[in-house]
Amino acid sequence: MAREQLNSAAYSWHAFAERQDLAAALAGHVAGRLTNAIAERGTALLAVSGGTTPAKFFASLSSIPIAWNKVTVTLVDERCVPASSPRSNAGLVAANLLQNAAAAARFVPLYQEAASIEDMSEADSRMLRSLPWPLDVVVLGMGTDGHTASFFPDADNLEKLLDPSSAKVVLPVHAASAGEPRLTLSLARIVRAGFLALHIEGEDKRKAFESAMASELRKPIRAVLDAAERPVEVFWAP
Ligand SMILES: O=C(O)[C@H](O)[C@@H](O)[C@H](O)[C@H](O)COP(=O)(O)O
């Protein structure tokens, strides 16, 4: 696939005619990376995004027979709602990914009872520190505003969210465009992943991605690509 090099942002573009073909291909890449990680270090750490895009990919990945009992799955970000909410990314992952062969994986959510989202993010950071970092695989989504994870352009702590040297694991996010308050992995944790994929679908997101790569105004997705330790693998279908 053509590899595009833009200034300091490196990415590879994988285009598919059908969304189902993308789902199967991305699932194959992720399963392969998880299997390699298990062979190398006896375990694998996967972080996935929520939203409306990943369901087909999750379904494809869930049925691939790898050593799921050695895989820990967590979230790139989460809305501040319980798993029972239709807005919950944990609920989306439980219903679509942690099924079939992948039901044997360990899942570590981000939402937990706490007095505030700030307390929740601190508790998450303590809980997630014991995971087998670095992430072997991260699958990001993107909004047409150029946000990824919960790095929303109007977040009140965007500079802290995008700090590549942050020691934080999970951060709270307050952004009017996000809907409810969010919890997100820090950029610093995301960009060290062994395999960093961006899964986007539709013409609007293709144009938004190209605009973010060309714009002098650094959108959050561009900050991630610039800081990533390896080229980001972009998977796109119309
Ligand atoms: O919690 C979330 O919503 C995601 O983690 C977020 O970063 C998502 O990937 C983008 O907002 C795209 O969402 P869609 O797939 O719904 O377009």
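Residues numbered from 1 in each chain as written. Predicted model: local features only at pLDDT ≥ 70, side-chain atom pairs only at ≥ 80, totals over all residues. Heavy atoms only, no water.

Enquirer: Give a detailed account of the pairing of strand β3 (residues 44-48), specifying residues and quantitative values.
Expert: Buried residues dominate β3, accounting for 5 of its 5 residues. Note: β3 against strand β4 (residues 71-75), 5 bridges, orientation parallel. Within the sheet, the bridge partner assigned to L45 lies in β4 and is T72. Chirality of the crossover, the property in question, places the unit of β3, helix α2 (residues 55-62) and β4 among those that are right-handed. (Buried < 20%, exposed > 50% of the residue type's maximum accessible area, 1.4 Å probe, protein only. Helix = DSSP H or I, 4+ residues; strand = E, 2+ residues; numbered from the N terminus. Pairing = 2+ DSSP bridges. Right-handed = clockwise from strand over helix to strand, strands pointing away.)

Enquirer: Describe the packing of α2 against helix α3 (residues 89-96), with residues and values.
Expert: For the pair α2 and α3, interaxial distance at closest approach is 9 Å and the crossing angle is 45°. Compared by their axis directions, α2 and α3 come out oblique. Seen along the crossing, α2 lies across α3 with a hand that is right-handed. In this structure, α2 contributes A55, F58, A59 and S62 to the contact, and α3 contributes L92, V93 and N96. For the contact of α2 with α3, a count of residues per class yields 5 nonpolar, 2 polar and no charged. (Axes fitted to C-alpha atoms, helices over the stretch in contact; angles between N-to-C directions. Parallel < 35°, antiparallel > 145°, perpendicular 65-115°, else oblique. Left-handed = near helix turned anticlockwise from the far one by under 90°. Contact = heavy atoms within 4.5 Å. Nonpolar A, V, L, I, M, F, W, Y, C, P; charged D, E, K, R; others polar.)

Enquirer: Just give me the short version of the packing of aromatic side chains, but keep the residues and values in it.
Expert: Here the structure, examined in full by the defined rule, presents 5 aromatic pairs. Centroid distance F57 to F58: 5.6 Å. Interplanar angle 45°. Geometry classified as tilted. One exposure class covers both F57 and F58, and it is buried. In textbook terms, an aromatic cluster arises when at least three aromatic residues are bridged by ring pairs, as seen for Y11, W13, F209 and W236. The lysine or arginine in question, R189, covers the ring of W133, its NZ or CZ lying 4.7 Å from the ring centre. It is R206 that lies over the ring of W236; its NZ or CZ is 6.0 Å from the centre. (Phe/Tyr/Trp six-rings, centres within 6.5 Å; stacked < 30°, edge-to-face > 60°. Lys NZ or Arg CZ within 6 Å of the ring centre and 35° of its normal.)

Enquirer: Tell me what's going on with the site of the ligand, and back it up with residues and numbers.
Expert: In the neighbourhood of the ligand, 14 residues make up the surrounding shell, with T53, D77, H147, A149 and K205 lying closest. One of the side-chain N or O atoms of N89 is found 2.8 Å from an oxygen atom in the ligand. Relative to its unbound accessible surface of 410 Å², the ligand loses 89% to contact with the protein. Classifying every residue of the shell around the ligand gives 2 nonpolar, 8 polar and 4 charged. (Near = heavy atom within 4 Å. Polar contact = N/O pair within 3.5 Å; in protein donor to acceptor, adjacent residues only side chain to side chain. Areas by Shrake-Rupley, 256 points an atom, 1.4 Å probe, with all protein chains shown as cover.)

Enquirer: Tell me what's going on with the UniProt feature "domain: Glucosamine/galactosamine-6-phosphate isomerase" (unreviewed entry) in the protein chain, and back it up with residues and numbers.
Expert: The feature "domain: Glucosamine/galactosamine-6-phosphate isomerase" (unreviewed entry), as annotated in UniProt, sits at residues 18-228 in this numbering. In residues 18-228, helix accounts for 37% and strand for 17%; the two terminal C-alpha atoms are 28 Å from one another. (UniProt positions renumbered as here; feature names shortened; annotations may be inferred.)

Enquirer: Just give me the short version of the confidence of the model for the protein chain, but keep the residues and values in it.
Expert: Predicted coordinates in regions of low pLDDT should not be interpreted in detail. In this model, the protein chain carries an average pLDDT of 95, and 96% of its residues clear a pLDDT of 70 or more. Mean pLDDT values over the elements of the protein chain span from 47, in strand β1 (residues 3-6), up to 99, in β3. Note that pLDDT drops below 50 for residues 1-8; the model gives that stretch 20 contacts with residues more than four away or on any other chain. Confidence estimates for the predicted assembly give a pTM of 0.96 and an ipTM of 0.97. (pLDDT = per-residue confidence, 0-100.)

Enquirer: How would you sum up the environment of W13? Please name residues and give values.
Expert: Relative to the helices and strands, W13 is located in strand β2 (residues 9-15). On the basis of relative accessibility, which here comes to 16%, the residue W13 falls in the buried class. Once the C-alpha coordinates of W13 and W236 are considered, the two residues, 223 residues apart in sequence, prove to be 7.5 Å apart.

Enquirer: Summarise helix α8 (residues 220-227); cite the residues concerned and give the values.
Expert: The buried fraction of α8 is high, at 6 of 8 residues. Within α8, the full set of buried residues consists of P220, I221, R222, A223, V224 and L225.

Enquirer: How would you summarise the pattern of salt bridges if you had to cite specific residues and measurements?
Expert: Under the counting rule described, the total for this entry stands at 10 salt bridges. As a salt-bridge pair, D77 and R182 come within 3.6 Å of each other at their nearest N and O atoms. Of this pair, D77 sits in strand β5 (residues 77-79) while R182 sits in strand β9 (residues 182-185), and the two are 105 residues apart along the sequence. For R182, a relative accessible area of 7% corresponds to the buried category. One salt bridge connects D226 with R222, and the closest N-O pair in it is separated by 2.8 Å. With D226 and R222 both in helix α8, this residue pair falls 4 residues apart, about one helical turn. Given a relative accessible area of 5%, R222 falls into the buried group. (Salt bridge = Lys/Arg side-chain N within 4 Å of Asp/Glu carboxyl O.)

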